[in-house]
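Fold and geometry: a report
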Amino acid sequence: MGEQPIFSTRAHVFQIDPSTKKNWLPTSKHAVTVSYFYDSTRNVYRIISLEGSKAIINSTITPNMTFTKTSQKFGQWADSRANTVYGLGFPSENHLLKFAEKFAEFKEAARLAKEQSHDKMELTSTPSQLPQAAAVRRTVVSVHQAGKKKESATGELLSPVTPESINGTDDEDGGATPGTPQHTEPRPDPPTPTLPFSHSSTSINKHWEAELAALKGNNAKLTAALLESTANVKQWKQQLAAYQEEAERLHKRVTELECVSGQTAVIKAQKTDLNQTIEELQATLGAKEEELERLKAEMEVANEFQQQKESLTQKLQATEERNQNLEARLSALEQTVENTQQERETFRSHLRSLLQLLDGKIFELTELRDTLAKLIESS
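Here the structure is a predicted model, which is why all the values come from computation and not from measurement. (Residues numbered from 1 in each chain as written. Predicted model: local features only at pLDDT ≥ 70, side-chain atom pairs only at ≥ 80, totals over all residues. Heavy atoms only, no water.)

**Considering the overall build of the protein**
Condition: Numbering of helices and strands starts at the N terminus; helices are DSSP runs of H or I of at least 4 residues and strands are runs of E of at least 2. Two residues form a contact once any of their heavy atoms are found within 4.5 Å. Throughout, the Shrake-Rupley method with a 1.4 Å probe supplies accessible areas, and for residues the shown protein chains are the sole cover considered.
Assigned secondary structure in the protein consists of five helices and eight strands. Beginning at the N terminus, the succession of helices and strands in the protein can be written as β-β-β-β-β-β-β-β-α-α-α-α-α. Expressed as a percentage of contacts within the protein between residues at least 6 apart in sequence, the contacts between residues at least 24 apart total 56%. Taken as a whole, the protein presents about 28,300 Å² of accessible surface, with 56% of it coming from carbon and sulfur.

**Considering the confidence of the model for the protein**
Filter applied, for reference: For every residue, the predictor reports its confidence as pLDDT, a number between 0 and 100.
The share of residues in the protein with pLDDT of 70 or more is 73%, and the mean pLDDT across the chain is 77. Scored below 50 in pLDDT, residues 126–137 shows four contacts in the model against residues more than four places distant or in partner chains. Below pLDDT 50 for its whole length, residues 146–199 participates in 46 contacts with residues either more than four positions away or in separate chains.

**Remarks on a nonpolar patch on the surface**
Convention followed: Patch members must show over 30% relative accessible area and no salt bridge, and they are joined within 9 Å when carrying like charges or within 5 Å when they are nonpolar side chains of Val, Leu, Ile, Met, Phe, Trp or Tyr. We define a salt bridge as a contact between a side-chain nitrogen of Lys or Arg and a carboxyl oxygen of Asp or Glu at a distance within 4 Å.
Side chains of Phe-347, Leu-351, Leu-354 and Leu-357 sit close together on the surface and give an oily, nonpolar patch of about 400 Å² of accessible area. The residue Leu-357 is located in helix H5 (residues 264–378) in this model.

**Side note on the nonpolar core**
The following threshold applies: Residues belong to a common nonpolar core when they are buried Ala, Val, Leu, Ile, Met, Phe, Trp, Tyr or Cys residues joined through side-chain atoms within 4.5 Å. Residue exposure (1.4 Å probe, protein chains only): buried if accessible area is under 20% of the type maximum, exposed if over 50%, otherwise partly exposed.
Core analysis: the biggest nonpolar cluster contains 21 residues, and Tyr-36, Ile-47, Ile-57, Trp-77, Leu-88 and Phe-99 have the highest contact counts within it. For this core, the leading source of residues is helix H1 (residues 93–124), giving four residues.

**So, the side chain of Ser-28**
For the record, the criterion: Residues adjacent in sequence count toward polar contacts only when both atoms are side-chain atoms; beyond that, a polar contact is any pair of N or O atoms within 3.5 Å, and within protein one must be able to donate a hydrogen and the other to accept it.
Mapped onto the fold, Ser-28 is located in the loop between strand E2 (24–26) and strand E3 (32–39). The class of Ser-28 is buried, set by a relative accessible area of 9%. Only 3.2 Å separates the side chain of Ser-28 from the backbone nitrogen of Val-13, close enough to count as a polar contact. In terms of polar contacts, Ser-28 uses its side chain to reach the backbone carbonyl oxygen of His-30, at 3.1 Å. If we skip the residues at most four places from it in the chain, Ser-28 touches His-12, Val-13, Glu-51 and Ile-56.

**Points about the packing of aromatic side chains**
Here is the rule we go by: Think of it this way: a Phe, Tyr or Trp ring, Trp meaning its six-membered ring, pairs with another when their centres are within 6.5 Å, and the plane angle makes it stacked under 30 degrees, edge-to-face over 60, tilted otherwise.
Scanning the entire structure with this criterion turns up 14 aromatic pairs. Consider the rings of Trp-24 and Phe-74, whose centres lie 5.3 Å apart with planes at 65°: the pair is edge-to-face. Residue Trp-24 is located in strand E2, and its partner Phe-74 is located in strand E7 (residues 74–79); the two are separated by 50 residues in the primary sequence. According to the relative accessible area criterion, Trp-24 is partly exposed, its value standing at 29%. Every member of this aromatic cluster is reached through a ring pair, and the members are Phe-7, Tyr-36, Tyr-38, Tyr-45, Phe-67, Trp-77, Tyr-86, Phe-90, Phe-99, Phe-103 and Phe-106.

**What to know about the pattern of salt bridges**
Going through the model one piece at a time under the given rule, you end up with nine salt bridges. With its nearest N and O atoms 3.0 Å apart, the salt bridge here joins Asp-39 to Arg-42. Close ionic contact of Arg-369 with Asp-370 constitutes a salt bridge, the shortest N to O distance being 3.8 Å. Of the residues examined, Asp-370 reaches a relative accessible area of 36% and is grouped as partly exposed. A cluster of three or more residues bridged by salt bridges with shared partners is formed by Glu-108, Arg-111 and Glu-115.

**So, the pairing of E3**
Condition: Whether two strands pair depends on DSSP finding at least two bridges between them.
Of all eight residues that make up E3, seven are buried, and the element is covered over most of its length. Pairing of E3 with strand E4 (residues 44–51) involves six bridges; the strand directions are antiparallel. Bridged to Tyr-38 within E4 is Tyr-45. Turn length for the E3-E4 hairpin, with the two strands adjacent in sequence and antiparallel, is four residues, and the turn residue Asn-43 shows positive phi of about 60°.

Written out as structure tokens, the structure reads:
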């Protein structure tokens, strides 16, 4: 197809929510390959991404597009042809910067290609009204030819077709333009020499009346032909618009087919990945089946334990009742111990006060003894 991938990366693909125009909707379940393609036959660049056989990105790069970096790992651009906004989540900022650099490069290349194409079109273009004018000209010629046939059949000479006669602006006085051939009928011999001028004038008037009638009829026919050609032009424009819509639809279809054909290598790589994934899943499935068999055996053992559990449950209930009784007794004992501790603390405080009092008395007795001893020594 002449279209080859020139740069590829992997990213998560998103599209803007068409209803809210605010939220992102993921279009890929996991990271997929996003590639830049160059079509050498049409000189265009496209961004294409496939998930399986479905094209989730098919965006032609135009000079008015802009790739915007909204975070360190996310970027977006708007595609007016697809009427949506694409978003890409990259695994790292380096991948994002590389993708943005390529976008700017190919956008500039698309701009240069568009300018070159525009220059070529200006050199080879023709006026847009040329087909319509040609159609009108063909209609006028055909009517004129029909008038000539009528002239040869009736022996009457019609005036040549002019733009003024087409537009209905000819003078209706029957005056002939310079260079218009005059009709000369063979005049009969006058019966008397005194009336030649009167008879000739009557014959000329009849001739010009016939000429005027022919011109009016020719003018009416040309006006009707012009109106018919105008209606045909409108019909042709409608058919051309329908053909252009059909061509656009076929172009989009061809683009999708080219997209699928151009990413054959990518599809093969994805197929290889899928085959490896299937093999891994099959191995996992075998392991799960073995695990299931083991669990079934354990279930049988668990049923035996269930019976033992029921008997132990009954014993446990009896034990819990005894435990509740013991807990009640323990609470009473704890209360008793607490009261005893309080009494002991009170007793200890009394003892401390007695010891302090006793120490004071002992200190006073010691001073009294020392005083008596001094008195005895002095006496």
